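Here's the letter readout for the chains.
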Amino acid sequence: MSTVLALLGFVTVITLLGGLLAWLSSSSKALRLGFVSRSGSGSGSGSGSGNNDNGQTGDGALLPSIQGDAAPGTEPITRLIDSVNAKLPQTQCAQCGYPGCRPYATAIVMQDAPINQCPPGGDALIRELADFLGKPLVALDSERGDTKLPQTAVIDESQCIGCTLCIAACPVDAIVGASRYMHTVITDHCTGCELCLPPCPVDCISMIAAEQGLDHWCRPKPS
Amino acid sequence: MPAETVMKLLHHWWTARRDEPVMRGGLTLPRHKPGLPVNGEIATLVMPDRLVLPLLDYHGRRLLPVVSVGQRVDYGESLAPGLIASASGSVIAIEPRPVMHPSGRSELCVVIRPDENGTVESAVHEAVPELTEQRLATCGVTGLGGAGFDTASKVHKATQHGEQLDTLLINAVECEPMISCDESLMMCHATEIIDAIASLMTMTHCKRCVIAIENDKHAAIAALRQALDLRPLALTLQPLAPVYPAGAERQLVERITGQLLFAGERPTHRGILCINVATALAARQSQLGFPMTSRIVTLAGRSVDEPVNVRVRFGTSVAEVLRQTGNKPSLASHQVRTGGPLSGFDLASLEAPVTATTNSIIVQPVQPTVEPLPCIRCDRCSDVCPAGLLPQQLLWYARAEDLAGSRRFGLDSCIECGCCDLVCPSGISLTQTFRHARDSQREQRHRDQLADAAELRFHKREDRLAQRQAARERRRQDARAKLIGDSDAIGDALARARRRRQRHERPGQSGDHATPSHDGDS
Amino acid sequence: MSTTALNAGVVGYGRRSVRGIMGHVMLALVPGTIVYATLIDYRIILNVLVAIIAALCVEAVLLRLRQRAILPLLCDGSIVLAAWLLALCVPPSLPAWQLIAGIVVMTGLGKHLYGGLGQNPFNPAMVAYAVLIVSFPVTMTDWQINVNGSEAAYDNAPTQLPQLPEWDAITGATPLDRLRQARSIIHRRTAPEAPTQPGQLASEPDTRKAPGHATTPLAEGSPLHALRKDMPEGPAAIPITNPMAEYSRFADAAIMRSPWKWVSLAWLAGGIYLLFAGIITWHIPASVLLTVAVLYLACGSVGTVPTIPLIPALLSGALMIGAFFIATDPVSAATSNTGKLIYGAGIGVFTFVIREYSVYPEGVAFAVLLMNICVPLLDYLFTRAVPTSDAGRK
């Protein structure tokens, strides 16, 4: 019996040593990553049940500590908002009900706003935020809109009357023009937020699928 | 890691024991170089009736044309920055056409109908005594090896530090089976190649120059040695054991100079200029005034009756090349591949035009696809990986689209040579998985950049609006302050307003006194 | 869109298939199996056949349940190989139904539970072995073998230990079982004379108890237990003057004179064939054998622990088949070269520890399983990625 116990002790020591080694060598994600790699499906970290206990792993574990430390100064909270903001798609479309991505990030952190309000980010974003903040996975709030493919606004220049309303509406200054002069969209800067569509009095703005050059083409995954 | 250190020491000891530098990983494949020239000549194809020149640079970025439809262009005239007309003729269209790209997409191309002078190739520029970057750019010299980098900017990067170029490495390895265009070139134009290397040596002031060539290219080595006897140069002709992918730039640099390049690092960062032997010849031609408008293409494969190396003008469609060499494959029953059997891709359309990077056209009967088995981690891929990666581990991360994990396992160092695919007993398409992972990583980075830019613009705009609001507020405050300066004025104004209101309301009131009396008290 | 490499045949490369690899391993198992059947017990052939047929049936059923293509995955040979290995690891006298139960565990619990070929973190054959040895301890430790050759030779070892003819009447135990018995005898004979000798057999307190005392449920019914009950104790026993040397000599004789060493040598031959055929790399077998050798040498030189001399230690038990055939299973082993070396060393250490300090006479199976647990960590720690420019450049 005692030999079995000795053996168990040995295993424990080895495991502890291994854990220590992992901790020393790199981040605390070591074990988790290693096992994800072995399961190979890649969905291991993304499955619904797995996310409820994500508070113990990796980034999720940071959240309570940051909130705990937040009392003396606002620094950690700002950093947390920054991290959430960095995950948002920055379309500034206000579909979430907040006037831009950073306000939404602030609301998520400060007011515990739901994480499923961002249609451009879609399910991928919800998964990422759920993982990061240790919140349960939820479906995208369909009232806010649907996830669309990357798109860009185009002004039908023959119909534009030069009213500058769309210029005022564009959250990222991607439309140039002047009063009584034709306007045009700088395609590279357009985030496809559709905020310029409602103000246009002559309905001359349309959304088209964002065109990507060959240099942005992704070679497909083998079946 | 002591074990790795011991292995490294053993490797060095083993390397030192042998005359030839060995490379890690790689595969020794049987020599299979069909279509080598027999009588010292390389045939040139007849001018086709249409030349299609894609308005794309080597990254696949679009170029803006500087010619218009209907315009006559001369041989060697610029069609767009970095794009040269490969024959004189008229521009009959600028329209989307299938291009030579794994996506099989159509992109804007300049279509030229060559005129009767089209085949006349003469020097379009004055011959210069010394090669310059300017001249390389004017003549549209790009790499003829695989990636097709702009040679002028490559030379510029290698020499920009003002220091002497350490090594000029002439890559004559051509390790991929079935491709023999560079070997044919060396067999037929050895003298010109040595002249070309001499020009490059003069241009770059290199400390040393090495020609790296596989040791089983006997005829080519003999021709080069003969040419070197006629014109002795201070260079080393380094025969290498034929291992695929010995000709890959990073692997060649590692093998010749012993310097291990970091992921994402180019040889030019280390003062090494690695130039393909055919590119060197094109550079020499540009010195003499000839633009780079054609290349040698190997036509091979099981469905090609007579494998051959031919000189093909840029813009000639693959279908035309096949027709002129007496082949009539269809994409229904054949697999037409360019870029080599291991690292190339299959064409989606035979109308795609030959460009600088089209080193070969390989026609094979369509092969049945075999469903891959799961990975059993047999380590064969890591044994042959020339970048020293663990493809079996990388595969997990790449499949799971875990980009951080992929990078940790060296995704950035993968050279996409296809060795792992070839040895995999389970028949897994590892390389393609890595290609996809690399591309999606690149796109992820691109999206992040766009998001950052959008956020910046959003905040700038908010700041601007806030400033404007603040300015408006200030103006109002200023105006109020002016009024407050005379305090009686306000009191008077308020009193006047009250009186006026009372006057107005009295006639309207019908017996209800509550409001006026309240008004009056306040 | 096909950008994958052309069929290997196009560029003249003879690719090895999964089936080919498994075939080579099975080929390497053939000489060992033949030697086993000839010198030890012919029933092993029967066991191997039963195991393979059962494994194929179970695999087919499980593939069907998992709605996978049955034929290509059935033909990859991995399950046949695993069944073969399991059959070699269990006593030839194991009842067929227990062996089949092991096969079900191996295929279901060891392999398909994790997603089939290539997904299992543990060596399936060893999972089944572990389950069998805790489920059927009696039949799994009772090596009732039909001794084909003469086994009398190694009972006539030149030793002060008594000849124990009744052992063979009970069981034709493996040499390691026999050593266990010898050790307990030596201990009992020497314990009164040198009770305070430090370190001596300290790790085996069970044997300090009175004979016949039921030790653990695991040891119940094992040869060791039978021996403890049946051994005559008392003045008839000759006091042993130099227990260490005595034990070593006995071990040397017990192993080197038994036909088992030929089986071990046949495994070694098969393993060397695998090395030269390029199926396995040298890292894992070398590191397992080297570690075991170093540990035995070290213990031998310290001189306070009774140990087996080096060569018999390497040729005994399942060490050879373990080092060359079981530990080298690529799916559950570490994959980088450094990782493999550490993995092998771990197996060596655990084998030694379990052999010398546990109730089990042999520890290869548990050693492999224990190191399988460490594989994800080893794979995570020992990569060989080229440094990125940020990290590498000054």
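Residue positions are given per chain, counting from 1 as you read along its sequence in written order. Written order decides the labels, with chains lettered from A and ligands numbered from 1. Since the coordinates come from a predicted model, pLDDT governs what is reported: local features require at least 70, and pairs of side-chain atoms require 80 or more to be given and counted, while whole-chain, interface and lining totals use all residues.

**Student:** Hey, could you go over the overall build of chain A for me, with residue numbers and the actual values?
**Tutor:** The number of helices and strands found in chain A is seven helices and four strands. Numbered from the N terminus, helices here are DSSP runs of H or I no shorter than four residues, and strands are runs of E no shorter than two. Going from the N terminus to the C terminus, chain A shows its helices and strands as α-α-α-α-α-α-β-α-β-β-β. Counting other C-beta atoms within 10 Å of each residue's C-beta, where C-beta atoms are placed from the backbone, gives the exposure class: buried for 20 or more, exposed for 12 or fewer, partly exposed between. Considering chain A as a whole, with its 223 residues, one finds that 28% of them fall into the buried category. We call two residues in contact when their backbone-placed C-beta atoms lie within 7 Å. Put simply, 57% of the contacts in chain A that link residues at least 6 apart link residues at least 24 apart.

**Student:** An account of the overall build of chain C is requested, with residue identities and associated values reported.
**Tutor:** Each helix and strand in chain C was counted, giving 18 helices and zero strands. In chain C, of all internal contacts separated by at least 6 residues, the share reaching a separation of at least 24 is 77%.

**Student:** Go over the sheet that holds strand E8 (residues 167–172) of chain B, please, and point to the residues and values.
**Tutor:** Residue and element names in this part refer to chain B. Two strands make a pair as long as DSSP finds a minimum of two bridges between them. If you walk across this open sheet you meet the four strands as E10-E9-E8-E11, and the pairing is parallel. Each having just a single partner strand, strand E10 (236–240) and strand E11 (272–276) make up the two edges of the open sheet. Strand after strand, the sheet turns through a mean of 25° between neighbouring axes, direction not considered. One ladder, built from five bridges, connects E8 with E11; its direction is parallel. Residue pairing across strands places leucine 168 opposite leucine 273, the latter belonging to E11. On top of the sheet, helix H5 (residues 190–204) reaches E8, strand E9 (208–214) and E11; it is set at about 155° to E8, its chief contact. Comment: axis = line fitted to C-alpha atoms, over the contacting stretch for helices; angle = value between 0 and 180 degrees taken between N-to-C directions. Those strands touched by helix H8 (residues 277–288) are E8 and E11, and its axis lies near 90° from that of E11.

**Student:** Any chance you could break down the nonpolar core for me, citing the residues and the numbers?
**Tutor:** A general feature of soluble globular proteins is that nonpolar side chains tend to end up buried together. Formed by 243 residues in total, the largest nonpolar core has its most connected members in Leu169, Ile170 and Ala212 of chain B together with Ala51, Ala83, Trp84 and Leu86 of chain C. Per element, the largest residue contribution to this core is 13 residues, and it comes from helix H17 (residues 364–381) of chain C. The residues touching alanine 212 of chain B, leaving out its near neighbours within four places in the chain, are Leu169, Ile170, Asn171, Ala172, Val173, Gln238, Leu240, Leu252 and Ile256 of chain B. Counting 16 residues, the second largest nonpolar core, distinct from the first, contains Cys96, Val109, Cys118 and Leu133 of chain A. Remark: nonpolar core denotes a set of buried Ala, Val, Leu, Ile, Met, Phe, Trp, Tyr and Cys residues whose joining runs through C-beta atoms within 7 Å.

**Student:** Pulling in residues and values, what's your account of the interface of chain A and chain B?
**Tutor:** Contact residues are listed per partner, giving 26 residues for chain A and 33 residues for chain B. In terms of residues, the side of chain A that touches chain B owes the most to one element, helix H2 (residues 30–39) of chain A, which gives three residues. For the side of chain A that touches chain B, the class distribution of residues is eleven nonpolar, eleven polar and four charged. Each residue gets one label: Ala, Val, Leu, Ile, Met, Phe, Trp, Tyr, Cys and Pro are nonpolar, Asp, Glu, Lys and Arg are charged, and the others, such as Gly, are polar.

**Student:** Got a sec to walk through the interface of chain C and chain B? Specific residues and values, please.
**Tutor:** Frequently, the measure chosen for interface size is the accessible area removed from exposure when the parts meet. The partner chain B presents 53 residues to the 43 residues of chain C that form the contact. Counting only elements with at least two residues in the side of chain C that touches chain B, the list comes to helix H1 (18–40), helix H16 (337–357) and helix H18 (389–392) of chain C. Its residues placed into classes, the side of chain C that touches chain B shows 18 nonpolar, 19 polar and six charged.

**Student:** Hey, could you go over H17 of chain C for me, with residue numbers and the actual values?
**Tutor:** Residues and elements named next belong to chain C. Expected helix span is given by 1.5 Å per residue-to-residue step, counting one fewer step than there are residues. Compared with an ideal rise of 1.5 Å per residue, which puts 18 residues at 26 Å, H17 spans 24 Å between its outermost C-alpha atoms and is within 8% of the ideal. Fitting one axis to the seven residues ending at a residue and another to the seven starting there, the bend at that residue is the angle between the two axes. Cysteine 374 marks where H17 bends most, by close to 40°; the proline proline 376 follows one to four residues later. Most of H17 sits out of view: 16 of its 18 residues are buried.

**Student:** Tell me about the confidence of the model for chain A, residues and numbers included.
**Tutor:** Each residue carries a pLDDT score, the predictor's own confidence in it, on a scale running from 0 to 100. Overall, the predicted model of chain A reaches an average pLDDT of 75, with 71% of residues at or above 70. With pLDDT under 50 throughout, residues 27–72 of chain A is counted as low confidence; its partners more than four residues away or in other chains account for 64 contacts.

**Student:** If you had to explain the pairing of strand E13 (residues 308–313) of chain B to someone new, which residues and values would you point to?
**Tutor:** Residue and element names in this part refer to chain B. Within E13, five of the six residues are buried, which leaves it mostly tucked inside the rest of the structure. Across six bridges, the pairing between strand E12 (residues 294–300) and E13 is antiparallel. Residue pairing across strands places valine 297 opposite valine 310, the latter belonging to E13.

**Student:** So what's going on with the packing of H1 of chain C against helix H2 (residues 43–65) of chain C? Which residues, and what values?
**Tutor:** All names here are of chain C. Between H1 and H2, whose axes approach to 7 Å, the crossing angle comes to 135°. With respect to each other, H1 and H2 are oriented oblique. Touching Thr33, Tyr36 and Ala37 of H1 are Ile44, Ile45 and Val48, all from H2. The scheme is simple: roughly parallel for angles under 35 degrees, roughly antiparallel for over 145, roughly perpendicular for 65 to 115, oblique for anything else.

**Student:** Summarise the domain arrangement of chain A; cite the residues concerned and give the values.
**Tutor:** Residues and elements named next belong to chain A. The assigned domain composition of chain A is domain 1 (1–40), domain 2 (50–144) and domain 3 (151–211). With six residues of domain 2 at the contact, the number on the domain 3 side is seven residues. For the side of domain 2 that touches domain 3, the residue count by class is two nonpolar, four polar and no charged. Domain extents, as shown, originate in an automatic or database domain assignment.

**Student:** Any chance you could break down the pairing of E8 of chain B for me, citing the residues and the numbers?
**Tutor:** Successive residues of a regular strand alternate their side chains across the two faces of the sheet. Burial analysis of E8 of chain B places six of its six residues in the buried class, which makes it a mostly covered element. Going residue by residue along E8 of chain B, you find Thr167, Leu169 and Asn171 of chain B tucked away on one face and Leu168, Ile170 and Ala172 of chain B tucked away on the opposite face as well.

**Student:** Could you give me a rundown of the confidence of the model for chain C, with the residues and numbers involved?
**Tutor:** Residue and element names in this part refer to chain C. Averaged over all residues, the pLDDT of chain C equals 75, while 68% of them reach at least 70. Note on residues 148–172: pLDDT under 50 across the span, and 41 contacts to partners over four residues away in sequence or across chains. Here residues 191–237 is a poorly scored stretch, pLDDT under 50, and it has 50 contacts once near neighbours within four places are set aside; other chains count. Confidence estimates for the predicted assembly give a pTM of 0.80 and an ipTM of 0.77.

**Student:** Any chance you could break down H2 of chain C for me, citing the residues and the numbers?
**Tutor:** All names here are of chain C. The first and last C-alpha atoms of H2 sit 33 Å apart over 23 residues, in line with the 33 Å expected at 1.5 Å per residue. Here H2 has its buried residues at Ile44, Asn47, Val48, Ala51, Ile52, Ala54, Ala55, Val58, Glu59, Leu62 and Leu63. Next to the buried residues of H2 lie H1, helix H3 (70–74), helix H4 (78–89) and helix H5 (96–111). Where H2 ends, the next residue or the one after it, glutamine 67, has phi of about 55°, a positive value.

**Student:** Give a description of the sheet that holds strand E6 (residues 89–98) of chain B that names residues and reports values.
**Tutor:** Residues and elements named next belong to chain B. Spatially, the four strands line up as an open sheet ordered E2-E7-E6-E3, and their pairing is antiparallel. If you trace the sheet from one side to the other, it starts and ends with strand E2 (51–54) and strand E3 (72–73), each paired once. Sheet topology places E3 next to E6; two bridges connect them, and they run antiparallel. The partner of arginine 72 across the bridge, within E6, is serine 90.

**Student:** Tell me about the environment of methionine 187 of chain B, and please be specific about residues and values.
**Tutor:** Residue and element names in this part refer to chain B. In this structure, methionine 187 sits in helix H4 (residues 181–188). Given 23 C-beta atoms within a 10 Å radius, methionine 187 is considered buried. A sequence separation of 180 residues divides methionine 187 from glutamine 367, and the C-alpha atoms of the two residues are 34 Å apart. Leaving out residues up to four positions away in the same chain, methionine 187 has contacts with Leu36, Pro37, Ala219, Ala220 and Ala223.

**Student:** Kindly report on the packing of H1 of chain C against H4 of chain C, identifying the contributing residues and their values.
**Tutor:** A pair of packed helices can be characterised by two numbers: the angle between their axes and the separation between those axes. Residue and element names in this part refer to chain C. At their nearest, the axes of H1 and H4 sit 10 Å apart, and the two run at 20° to each other. The angle between H1 and H4 places the two elements in the roughly parallel class. Handedness of the H1/H4 crossing: left-handed. Facing Met22, Val25, Met26, Leu29 and Thr33 of H1, the residues of H4 in contact are Ser78, Val80, Leu81, Trp84 and Leu88. Here the residues of the contact of H1 with H4 are counted per class, giving eight nonpolar, two polar and no charged. By convention the crossing between two helices is left-handed if the near helix lies anticlockwise of the far one by an angle smaller than a right angle, and right-handed if it lies clockwise.

**Student:** Outline unusual backbone geometry, supporting the account with residue identities and numerical values.
**Tutor:** Omega for the peptide link from tyrosine 244 of chain B to proline 245 of chain B comes to -5°, which places this bond in the cis form. Even without a glycine there, the phi angle at glutamine 90 of chain A is positive, about 60°. In this fold, glutamine 90 of chain A is placed in the loop between helix H4 (75–87) and helix H5 (101–110). Phi is positive for histidine 205 of chain B, close to 50°, though the residue is something other than glycine. Turning to its location among the elements, histidine 205 of chain B is positioned in the loop between H5 and E9. With 11 C-beta atoms packed within 10 Å, histidine 205 of chain B lands in the exposed category.

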